[in-house]
Amino acid sequence: MNSLPIDSQITFVYTVDLARSARFYEEVLGFPLALDQGTCRIYRVLGPGAYIGICQSEEAPEDGAGLIFTLVTPDVDGWYERIIARGWACEHPPRRNATYRIYHFFLRDPSGYRIEIQRFERNDWDSA
């Protein structure tokens, strides 16, 4: 089976207090900031390629249910076609998100966890 490329992986979580969370990830854990998107801050976890994104939301769940597992790839359409071809439903076809300047789509795994396949459409992304 041929593999489609994956450039990096980002796990996004939500917080009601972005400033407090940013201090924790930057100062307590020592993660370097890879990209500041305003309402989301993405931190490099392990070299280039593994990241965690912290996003401001007044509706952040307290139980950690707001998890999105994100795969970054140059071939969003290829991944979409592969997933659809295997009979798996996606929440929507690939589309652009102007706010974050990404091209992406979502699906859910068998347990209901949300997975995002995306490509950044910006030059200031800290890609590997």
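All values reported here derive from a predicted model rather than from experimental measurement.

The rules we used
Residues numbered from 1 in each chain as written. Predicted model: local features only at pLDDT ≥ 70, side-chain atom pairs only at ≥ 80, totals over all residues. Heavy atoms only, no water. Helix = DSSP H or I, 4+ residues; strand = E, 2+ residues; numbered from the N terminus. Contact = heavy atoms within 4.5 Å. Phe/Tyr/Trp six-rings, centres within 6.5 Å; stacked < 30°, edge-to-face > 60°. Lys NZ or Arg CZ within 6 Å of the ring centre and 35° of its normal. Core = buried A, V, L, I, M, F, W, Y, C linked by side-chain atoms within 4.5 Å. Buried < 20%, exposed > 50% of the residue type's maximum accessible area, 1.4 Å probe, protein only.

Engineer: Just checking my understanding: could you explain the environment of Trp 125 for this structure?
Structural biologist: Residue placement: Trp 125 occurs in the segment after β8 (114-120). In sequence terms Trp 125 and Ala 34 are 91 residues apart; their C-alpha atoms lie 7.3 Å from each other. The contacts of Trp 125, once residues within four sequence positions are left out, are Ser 8, Ile 10, Leu 35, Ile 42, Tyr 51 and Phe 120.

Engineer: I tried to follow the packing of aromatic side chains on my own but got confused; where do I start?
Structural biologist: Describing an aromatic ring pair means giving the distance of the ring centres and the angle of the ring planes. In this structure the tally under the stated criterion is six aromatic pairs. Relative to Phe 105, the ring of Tyr 80 has its centre 5.2 Å away and its plane inclined at 80°; by these criteria the two rings are edge-to-face. Here the residue Tyr 80 occupies a position in helix α2 (residues 76-85), and Phe 105 occupies one in strand β7 (residues 102-108), the gap between them amounting to 25 residues. A cation over an aromatic ring shows up here: Arg 114 above the ring of Phe 106, its NZ or CZ 3.6 Å from the ring centre.

Engineer: What should I look at first to understand the nonpolar core in this one?
Structural biologist: Burial of nonpolar side chains together is a common tendency in soluble globular proteins. By size, the foremost hydrophobic cluster in this structure holds 14 residues, and its most contacted members are Ile 10, Phe 12, Leu 35, Ile 42, Tyr 51, Phe 120 and Trp 125. Of all elements in the fold, only β1 (8-15), β2 (33-36), β3 (40-46), β4 (50-56), β5 (68-72) and β7 reach the threshold of two or more residues within this core. Apart from residues no more than four positions distant in its own chain, Phe 120 is found in contact with Ile 10, Leu 35, Gln 37, Ile 42, Val 72, Arg 101, Ile 102 and Trp 125. Leu 71, Cys 90, Tyr 103 and Leu 107 belong to the second largest nonpolar core, which has 11 residues in total.

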